Every structure is written in structure tokens, then in C-alpha cells.
Amino acid sequence: MQNNRRIEGGLSLNAKEEIAKIVIKDALERFKRPFVVWSAGKDSMVVLHLVKTYVEKNNLEMPPALFIDHGQHYDETLEMINKISKDWNFKVIFARNEDALSKVKDGKIYVKDLNEENQMEVRKIGFLGDYFEYSLETDVGNHILKTVAMNDAIKRYRIDALFTGIRWDENPARSWEVFISPREDPPHVRVHPILPFTERNVWEYTFKYNLPIHPLYKQGYRSIDGKYDSKKTDDRPAWEQDLENTYERAGRSQDKEGMMEKLRRFGYM
Amino acid sequence: METNIFLIILDTLRRDVMSLYGGDTDTPFINEIARDGIIFENAISPSNWTPTSHMSIFSGLYPREHGVHENYDEGDEIIFKKLLEYNGDNIIEYLYKKGYNNIGYSTNPWLSPGSRFDNYYSSFTFYSSEYLSEKEMEDVKEYKKYGKNRIEATKYLISHGKFEEFLHYYHTFKWMLKKKKEYNYPFYKASDVIVDHIINSSFNEPFFMFINFMEVHEPSSKWELDVDDRKIKYNDLFGFDIINEKRMNEVKEGYKKSLKNVDYEIGRLINFLKKKKIYDDSLIIITSDHGQAFKEKRKIQFYGHGNFLYDEIINIPLIVKFPKNYKIKRKSGYQTLVNIKKLVENVIENNYEDNLTEEVVFSEMFGPIHNLKRLMNEGIIKKVDNIDHKIKEYFPKRKAVYKNGFKLVINGESGQIEEFTFHGKNADVSEHPNVIKDLKEELSIFKGNEKFII
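One structure accompanies this document, and this report is about it. Predicted model, so just to flag it, every value in this text is computed and none were measured.

### Some remarks on the sheet that holds strand E9 (residues 315-321) of chain B
All names here are of chain B.
So, point 1. Taken together, nine strands build an open sheet; the order of strands is E4-E3-E5-E1-E6-E9-E2-E10-E11 and the sheet is mixed. Of all the strands in the sheet, the pair left with one neighbour each is strand E4 (123-126) and strand E11 (357-358).
So, point 2. Two strands pair when backbone bridges link them, and strand E6 (residues 283-287) and E9 are joined in this way by four bridges, in the antiparallel orientation. Note on E9: the bridge partner recorded for threonine 287 is leucine 318.
So, point 3. Sheet contacts for helix H1 (residues 28-36): strand E1 (5-10), strand E2 (38-44), E6 and E9; angle to E9, the most-contacted strand, approximately 60°.
So, point 4. Against the sheet, helix H2 (residues 50-59) makes contact with E1 and strand E5 (207-213), and its axis sits at roughly 160° relative to E1, the strand it touches most.

### Re the pairing of E2(B)
Residue and element names in this part refer to chain B.
So, point 1. The sheet contact formed by E2 and E9 spans five bridges and is antiparallel. Across the sheet, residue isoleucine 44 finds its bridge partner in E9, namely asparagine 315.
So, point 2. Direction of pairing for E2 relative to strand E10 (residues 334-336): parallel, over a ladder of two bridges. Following the sheet pairing, alanine 43 is matched in E10 by glutamine 335.

### Considerations on helix H4 (residues 75-88) of chain A
Residues and elements named next belong to chain A.
So, point 1. Its 14 residues give H4 an end-to-end C-alpha distance of 20 Å, which sits within 8% of 20 Å, the value for a rise of 1.5 Å per residue.
So, point 2. Looking at the buried positions of H4, the neighbouring elements they touch are helix H3 (42-57), strand E2 (65-68), strand E3 (92-95) and helix H9 (215-218).
So, point 3. Of the residues trailing H4, asparagine 89 is marked for its positive phi of about 60°.

### Comments concerning the pairing of strand E14 (residues 406-411) of chain B
So, point 1. The element E14(B) is largely enclosed, with a buried count of six among its six residues.
So, point 2. The hairpin formed by E14(B) and strand E15 (residues 417-422) of chain B contains five residues between the paired strands, and B:Gly415 there has a positive phi angle of roughly 80°.

What counts, and where the lines are drawn
Positions within a chain are numbered from 1, following the residues in the order the chain's sequence is written. Just so you know, chain letters begin at A and ligand numbers begin at 1, following the order they were written in. With pLDDT at 70 or above as the cut-off, local features in this predicted model cover only qualifying residues; side-chain atom pairs require 80 or more to be listed or tallied, and sums for whole chains, interfaces and linings still use all residues. No hydrogens and no water enter the side-chain calculation; it runs on all heavy atoms of the structure. For two strands to count as paired, DSSP must find a minimum of two bridges between them. For helices the rule is a DSSP run of H or I covering at least 4 residues; for strands it is a run of E covering at least 2, with both sets numbered from the N terminus onward. Here, two residues are considered to be in contact whenever any of their heavy atoms come within 4.5 Å of each other. Between N-to-C directions, angles cover 0 to 180 degrees, with each direction set by a line fitted to C-alpha atoms, over the stretch in contact for helices. Helices are assigned an expected span. That span is 1.5 Å times one less than the residue count. Buried means the residue's accessible area, taken with a 1.4 Å probe over protein chains only, is under 20% of the maximum for its type, while exposed means over 50%, and partly exposed covers the values in between.

Remember that the coordinates give geometry; whether it matters functionally is a separate question.
Pasting the structure below:
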């Protein structure tokens, strides 16, 4: 929200679309096995559409989408994933931490039940407890269910470039990101075509191109990641809310900036 | 103590001839290392020939990822250019930065000083695996001008009073015969010289030693001597001068004999390491860069390597002895040379685990490994009508995927399935629609944005 004006630099949506195209072109020319992270949320939907438009125009192949399946998606999300991938004709790879998901007991995951790799991952982020909640809103839950699943997919499919829908205005942790940003473990780059978009721009783009909209946004959610942790921020549709003066992730139970920083450090964002 | 590392490539060795893998050639000295280490049963080479495969070992990348591979029109002529363009990770550089003394020995011209494969080594020694130098080859060619064989040429020279020339050629041939006897050519291709060199040297530790032994690489029989191997292979492949069964058997025998010889040299090397108390704490990796086809019963029969993704060309041995003979737990699946870099990096960090095995592995080719049109224009191989069509038919882009015992090879020009097997035996495509779908899916993700029809 704050600093929006500095971040977007006063550019029009058209200009930002042109920037996105340049970023996409550069990444597709330089990398051999690109994927688009796609959650059916508004931001990744825009990225997916921008990539699709670019590859169709240039007679290239549509990169597969990577869907991070943490086991807590809304049914509506999964329905959208199936329908859109079929309608638009591209592959979706589900990245799941099968081991962790199979070890959920009464809403908890006991560290001793996890396989060696997952136990190592738990230790890596400094978690010392015996168990953690089956939730995306703790460091450890997020790391195991999202980051580990995603990193495994990056290794398994030898992904060298991952398009994501992060934006400068989302969160201070993201305000220093660059368009093509190398990551080390596992080695790949993150490609960020819509960095300069504001939340408002994302909705403008969505309506301009008539993109499918996740039904929960209409009910007032502004962020739709996990069904147990996301809450409505308002009863009005997301795009009618006061996007400039309130936090977009206020709808998630624990939106601490510290956690975003940590997630970034361990490779999620 | 830091770990010394040996990476020994037995160039052109397919695994099924070795007794370790159920074959009929016993390799007692390699077996000794295998007893102290781990035998990996399902290793697949990511490529079917030397530079591309070695690049995968050093870079930790598949051919299309590192880019140092043959291409459709130029074959091998593009390789050095691609080597110059590559600026990604490299295990040799990594070891160098970790303070390792990198030492290289090779008898394969692709891996020789100046090829860029020698970067970040403190020494890289190349020995020619051929007993004839280029100058001597020229002499032999010259001599043949005077007559079809030695007797005829000699008669001609003497009857024309060319005594000086006669003496020159006499000495050349005498020297050649002596060399043949000395090296028992073609079965020794300088592995003995390399091992002598190592035994008589001392090295700053920790060191990384890369050795490429060419013993089992062709030529493997007497009739192949002094003939361009490309001539033998392609004239056979295109149906001009068929290599008959008897000759193929001679080649196989020579191939196995060469394996025995290089095994013996590895034995000498290991004894030396044991005497110097280097063996126990070392990481020793013994593998190959690709195998060799001996005209097995295939739709297109072929002698040699490159050009196809047959099991005999890409199924290779892989034996790893960890420091202190540590036995790791093996994962199930396939091993790929692409993961050797990861293994070495982990062992240096004292992390001993199976970094080699994957659920799914791939191998790929991008065309013939020689510029066939040029070879035809230069008269090295006979001219084929409609060569473009033939190249497309015989050497399309191909990719192979191995998963759960199944192997699928796709021709990327036509999208056709060229091979579908289960544990090496032909399987029926129509009986396994889900497997085909799954393997195609794996290939289509693996190919990324490459133009390759699946």
C-alpha cells in the first residue's frame, strides 16, 4: 500500500504490460525449462495470461504451470485449475510434499513421523518442537508444505526459470525484488513480470482481458491461499475494497512481515 | 583429512560385457573396488558420445541444458565452439576453488590440453592412444600409392630405383611392427603409460584425478587398423561395405580383451594407492561415458557409438567406492552421470548419500555425430542418394526416458515412438496406454521449450 506511487513510477497499465512482455521475452530466450507458478489467484492468473499471450503471438510453446498443492486449497481453486488448464491447453504439475501430507494427524504433523529429508528441512529452518500445526501460517508449516514441495519440483523437473506473480507493492519484503532474480538452492531464477503492477492494476488487467476470477474474491477475500487461514477482509468484492490504504494479506491469520522475510530466505518467494 | 577423488572413465564401455553386470568378461581388479564400494545397476549416460557426455559429468547438466552437443548439420564440428560458449558451473572449477589439486590424464583427443576440458587443472596430460603418429600415417598413405600391398609397393620402388624411399618406408614399417608388438596393439591404448606416469609421480593432496582410458574404444580388431573408423561405420550403415558377422565377432573379442587389459592397469593403480595409503580414504568413481553397439538386432543395425540411443550405447557401468569403504543406502531408480557432480560436492562436505539415483532419467541426441555431407564430399564415405532424407531417417533428434523399468525413445522430428521396452525387452505400446502417457509427459516436461514433437 504505502509507497505505491514511488514503486509504480506513475506508469500506466499499458506501459507496465510492455515491461512485462520484455521480462517474459528475455526469460524465455535465456532459459530452457521455464515454468509458471500458478495458484488460480489473481496475480498468477495475470502472469499466466501474459505468458500465454506472448507465446501464442510468437509461436512458442506454453511453459507448464506449477501448482503448489499444500493440501488446503479451496475446492473452487482446484476446479479452476482443472478447467482453465483444459480450456487453455497447457500442462499443470502438482508440487506436493506427499510425505508430510500423509503424516497429518488431528491437524498436527509430528516431526518424528516425517522422512529423513523432511526432518532435515524442519531443522534447517530452526524449528525445535516435536510437532507443528497443519497450517500455512507458521514458518515451519509453510516451509514444509509449500517451499519444500516447490523446491522438490524444481529439482525433479530441472526447472531453470520460475515465473511468479509477486509485486513490489505487496509487502516490504518484496519491495527489493528484481525482474530476473537468481536463487541458489536449488539453482534457478525467479522471473517477475508484474513487479510494477499494483493490486489495482491486477484487477484492471483482469477486467481488461476478461480473465477468469476465483469466486472467493467476489465474496470479499483478497488473498485465497489456504482454506483454513484466509479470511474475508470485507464483504465487498476484492476489487471494490480500499486497495490503496489497507493490507492485501490482512485476511491471512498471521501476516507478519518477519515471516515473509523468512520465507524468502528459505526459498519460497 | 580431506578426501582424494578419482574419476575414472572407461571410455566406450557398455556394462553388459562385465561379469559384475552378468557379462562374460571378468574384471578382477575392478571387482575388488566394487567389493569395497557400491555397484549401481541402472546407470544411463545422458548422451551417446564423448564430449557431450563428459560435459554432463563436469557441469551436472543434461546435454540440452549445457548445450555442448552435436547438431543436425555440423555433427561434431560445432563442439569446440559450444565449449567456448559454455559459462555455467563446472565441478573442476568448484574443486579448484575448494583447494583441490586437479590432475587430468586422457587418451581421448576430445579431452586434451587446449580443448577447454583442461581448464582448472594443475596438470593435464594427454597420450595418444594410436600407435601411429600423423606423420607415420602419412607415410603409410604415401607408400600405398606405389602398390596395393607391401610386396607390390616394394617391387615398384626397387624396380624404379627409388632406394632411398624404400629405405625410409622400410624403417617406418619396422618401427610400426616393433610398436605393435610392444603395445600389443590395438588392445593397449596407453593406459599402461598413464599408470606408469602416476606410479612415478607424487601429488599434493587433496587431489582430484580424472582419467579417461581409451582401451575399449575402437579400433578393437586388426582389420580396423589404418582405416578411418568413420568409413567402416557409415559405409556399413548405408549398406555399401557390410561388416560381416565374423568381423563383428573379432571386434567383440578385441573389445573384451581390451577391457581385461585396462582392468589390469586399474589393478596396478589400486595397488599403488594401497601402498601409498591413499586408497582407503579416497572416493573412487569408475564409470563410462557411453557404450558401444555391435550391430545388435535392431531396426537400424550399427557398429559404434553416437547416433542412436540403444541400451548398448547408453547403459553404462557405475561403481563408487566411498571414503573408508562406507556403504551408503541405495535408492531405487536409475543413475545418471549428470549427478556425479552432486555426489562429489556432497562427499567433500562429508555427506555420504545416494545422490546419483533418480526416479526418472533421460538421454538425448541431436543428430549424427559427424558431418556426413562433408565426409561424402571428401570421399571418406561413399555417397548416398538423397542424403538429407537419410539423415532425417537415421539420425533424428531423439530422446529416451527410463522410469519404473520402462524405456521410451521418441523421434522428435516425427513424434513417433521408436522404442518401448520393459526391462530391456520389447513391450506392446497398446497394452500400456497409461505408461506411454506418463513417459510422454515426462519427456514433454524434460524437453522444455525445445522444438521436439512428442
